[in-house]
Amino acid sequence: VVHNLDEAIRLLRQSIFGLEHGLPEQGLRRSILDVSSELTPALGLVPEVTLDGPIDTDVPSQVAGHLLATLREALSRSGSAALATKVAVAVVAREGEVSLTVTDNGRRWSARAATDGLRLATLRDRARRLGGMLEVTGTEGSTRLTWRGPLAPQPASNGLPPEPPAARGAPAAPGPPTG
């Protein structure tokens, strides 16, 4: 109970900090905190939320919408639904991408429900269409969902989905000498 109270106080302080520093009231930071608070009763605990970087100013609205949908889905599968006693959410915007990481100490994602595989495939597909990626890793007693999306719109090329962020910036294959 004390831990949950401490977490609630920390969330409140983050909200106050955002308002004091002129961040938009309904910005992405606020929306992340709102989704986390909204799902707290279903989780059975207060998630630890960490926000870093220019989240309100640099994340495009389309990417923000996908991030929030992924956060909602990940949290709905965490907490008491996964027999977890700790859930952590981290959103970081830097170096051309925004990342969302949801970690809990519950059952592995594959053990949570038969429909989760389909939901993960849908989330993964949505991330790819943005030029991002989704990865779920887990061990006994820990599960981590990591979602990444670009901070800049990705150009469409010949009907193929954009490359994931890890592939962008890779050195080009050497071509014939020019001269």
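See the structure above.
Criteria and thresholds
- Residues numbered from 1 in each chain as written.
- Predicted model: local features only at pLDDT ≥ 70, side-chain atom pairs only at ≥ 80, totals over all residues.
- Heavy atoms only, no water.
- Helix = DSSP H or I, 4+ residues; strand = E, 2+ residues; numbered from the N terminus.
- Buried < 20%, exposed > 50% of the residue type's maximum accessible area, 1.4 Å probe, protein only.
- Contact = heavy atoms within 4.5 Å.
- Areas by Shrake-Rupley, 256 points an atom, 1.4 Å probe, with all protein chains shown as cover.
- Expected span 1.5 Å × (residues − 1).
- Salt bridge = Lys/Arg side-chain N within 4 Å of Asp/Glu carboxyl O.
- Pairing = 2+ DSSP bridges.

S.K.: Before we go on, may I ask you to explain the overall build of the chain in this structure?
M.R.: What the chain contains, in helices and strands, is five helices and five strands. Secondary structure elements of the chain, listed N to C terminal, follow the sequence α-α-β-α-α-β-β-α-β-β. Of all 179 residues assigned to the chain, the portion counted as buried reaches 39%. If you take every contact in the chain between residues at least 6 apart in sequence, the share linking residues at least 24 apart comes to 67%. For the chain, the computed accessible surface area is about 10,000 Å², with 57% contributed by carbon and sulfur atoms.

S.K.: Explain helix α2 (residues 28–43) to me, please; I cannot follow it from the model alone.
M.R.: For the α-helix, the turn length of 3.6 residues means that residues three or four positions removed from each other point alike. Under the 1.5 Å per step criterion, the end-to-end length of α2 is 21 Å for 16 residues, consistent within 8% with the ideal 22 Å. Along α2, the residues classified as buried are L28, S31, I32, L33, V35, S36, L39, T40 and L43. G44, located one to two residues past α2, shows a positive phi value of around 85°.

S.K.: Just checking my understanding: could you explain the pattern of salt bridges for this structure?
M.R.: Pairs can form between side chains of opposite charge whenever their charged atoms are close. In the structure shown here, the tally under the stated rule is seven salt bridges. For D34, the salt bridge goes to R30, with nearest N and O atoms at 2.9 Å. Here the residue D34 and the residue R30 both occupy positions in helix α2, the gap between them amounting to four residues, near one helical turn. Here D34 falls in the partly exposed class, since its relative accessible area comes to 32%. Ionic pairing is found between E38 and R72, a salt bridge with its closest N-O pair at 2.7 Å. Here R72 lies in helix α4 (residues 61–76) and E38 lies in helix α2, a separation of 34 residues in the sequence.

S.K.: Quick question: what am I supposed to make of the pairing of strand β3 (residues 97–104) here?
M.R.: Residues in a regular strand project their side chains so that they alternate between the two faces of the sheet. Among the eight residues of β3, eight are classified as buried, and the element is accordingly described as predominantly covered. In the sheet, strand β2 (residues 87–94) pairs with β3 via eight bridges, with the strands oriented antiparallel. Paired with V87 across the bridge in β3 is D104. The antiparallel pairing of β2 with β3 creates a hairpin that spans two residues between the two strands, and E95 there sits at a positive phi of about 50°. In terms of strand pairing, β3 meets strand β5 (residues 142–150) through eight bridges, oriented antiparallel. When the sheet's bridge partners are listed, L100 is paired in β5 with W147.

S.K.: So what exactly am I meant to see when it comes to the pairing of β5 here?
M.R.: Direction of pairing for strand β4 (residues 133–139) relative to β5: antiparallel, over a ladder of seven bridges. Counterpart to L134 in the pairing with β5 is W147. What sits between the antiparallel neighbours β4 and β5 is a turn of two residues, in which G141 has the positive phi angle 90°.

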